[in-house]
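Coordinate analysis (summary)
Chain by chain, the residues run as shown.
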Amino acid sequence: MGCAPLCVCAAPDTPIATPQGERSIASLRVGDLVYSVDARGITVVPIVAVKRTEVSRHHVMRVELATGATLEISGGHPTADGRRFSALSAGARLDGVPILRAEKVSYAYSATYDILPGSSTGSYFAGGALIGSTLGPGDPVQVSGACVGAP
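In this report, the structure presented in the accompanying data block is examined. Every value quoted in this text rests on a predicted model; they were computed, and no experiment measured them. (Residues numbered from 1 in each chain as written. Predicted model: local features only at pLDDT ≥ 70, side-chain atom pairs only at ≥ 80, totals over all residues. Heavy atoms only, no water.)

**A look at the overall build of the protein**
The criterion, for reference: Here a strand is any run of E in DSSP of at least two residues, a helix any run of H or I of at least four, and the numbering for each starts at the N terminus. For every residue, the accessible area obtained with a 1.4 Å probe (protein chains only) is divided by the maximum for its type, and the residue is called buried under 20%, exposed over 50%, and partly exposed between those limits. Note on contacts: a residue pair qualifies if any of its non-hydrogen atoms lie within 4.5 Å across the two residues. The protein chains shown are the only cover counted for residues, whose accessible areas, like all others here, come from Shrake-Rupley with a 1.4 Å probe.
Along the backbone of the protein there are zero helices and 12 strands. Walking the protein from its N terminus toward its C terminus, one meets helices and strands in the order β-β-β-β-β-β-β-β-β-β-β-β. For the protein, the proportion of its 151 residues judged to be buried stands at 46%. Here the contacts in the protein between residues at least 6 apart in sequence split such that 65% fall between residues at least 24 apart. Counting only carbon and sulfur atoms, one obtains 52% of the accessible surface of the protein, whose full area is about 6800 Å².

What follows is the structure, encoded as structure tokens:
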């Protein structure tokens, strides 16, 4: 699993749903608005925390969705329904979206990213599917770290 359980974030180009259209997760900052879910349903909320983690020799799950999006996200990252990305497989669904292909691959980037929307669920839409966040309400704003995986 590379540097799991510490590195449980997304590739920098992961498309995140915002009121202005999809934006890469790496471009998002605290205060930017994203779509999330709370008791009222789908809502627009500000991001309250972001995280960038440097990685080396990391592996991720490459998940191709029927929406046309391909997500590269650490296996330990949570889905909105409580599973982990490592548990996803072709033929299953991610937030109701069919998964066309899912495989563990070497990670090509030097850092992973995550955000925490200011909603009761902390979930957000990536590639058209609702996923969870690895950050919690007490996590610091604009954090970064480093993690080195096993070869």
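Now, onward.
**Some details on the pattern of salt bridges**
The following threshold applies: One side-chain nitrogen of Lys or Arg within 4 Å of one carboxyl oxygen of Asp or Glu is enough to make a salt bridge.
In the structure shown here, the tally under the stated rule is seven salt bridges. With a closest N to O distance of 2.7 Å, Arg-62 and Glu-72 form a salt bridge. Placement of Arg-62 in strand β5 (residues 59-65) and of Glu-72 in strand β6 (residues 70-73) is noted, with a sequence separation of 10 residues between them. A relative accessible area of 15% places Glu-72 in the buried class. In this structure, a network of salt bridges that share partners links the residues Arg-62, Glu-72, Arg-101 and Glu-103.

**Remarks on the sheet that holds strand β7 (residues 93-94)**
Basically, it comes down to this: Pairing between two strands is assigned when DSSP locates at least 2 bridges connecting them.
The four strands are arranged β6-β5-β8-β7 in an open sheet whose pairing can be described as antiparallel. Two strands close off the open sheet at either side, each with one partner strand: β6 and β7. The pairing of β5 with strand β8 (residues 97-106) spans seven bridges and is antiparallel. Looking at the pairing, Arg-62 lines up with Glu-103 of β8.

**Some words on the nonpolar core**
Going by this rule: To form a nonpolar core, buried Ala, Val, Leu, Ile, Met, Phe, Trp, Tyr and Cys residues must be joined to one another through side-chain atoms within 4.5 Å.
Counting 25 residues, the largest nonpolar core has Ile-16, Leu-65, Phe-85, Leu-94 and Ile-115 as the members making the most contacts within it. When near neighbours in sequence (up to four residues on either side) are disregarded, Ile-16 contacts Gly-21, Glu-22, Arg-23, Ile-25, Leu-28, Val-34, Ile-115, Tyr-124, Phe-125 and Ala-126. By size, the runner-up hydrophobic cluster in this structure holds five residues, among which are Ala-11, Val-55, Val-105 and Tyr-107.

**Here we look at the environment of Gly-132**
Its place among the elements puts Gly-132 in the loop between β11 (129-131) and β12 (143-148). Placed 52 residues apart in sequence, Gly-132 and Ala-80 show a C-alpha to C-alpha distance of 4.5 Å. Setting aside anything within four residues of it in sequence, one finds Gly-132 in contact with His-77, Pro-78, Thr-79, Ala-80, Gly-122, Ser-123 and Tyr-124.

**Here we look at the side chain of Glu-72**
Using the following cut-off: N or O atoms closer than or at 3.5 Å make up a polar contact, with two conditions inside protein: a donor-capable atom paired with an acceptor-capable one, and, for residues adjacent in sequence, both atoms drawn from side chains.
A polar contact is formed between the side chain of Glu-72 and the side chain of Arg-62, at a distance of 2.7 Å. If near-sequence neighbours (up to four positions away) are discounted, Glu-72 is found in contact with Ala-10, Ala-11, Thr-14, Val-60, Met-61, Arg-62, Val-105, Tyr-107 and Tyr-109.

**Some remarks on the pairing of strand β3 (residues 33-38)**
Bridge count for β3 against strand β4 (residues 41-56) is six bridges, and the pairing is antiparallel. Each bridged residue has a counterpart across the sheet, and for Ser-36 the counterpart in β4 is Thr-43. Between the antiparallel neighbours β3 and β4 lie two residues.

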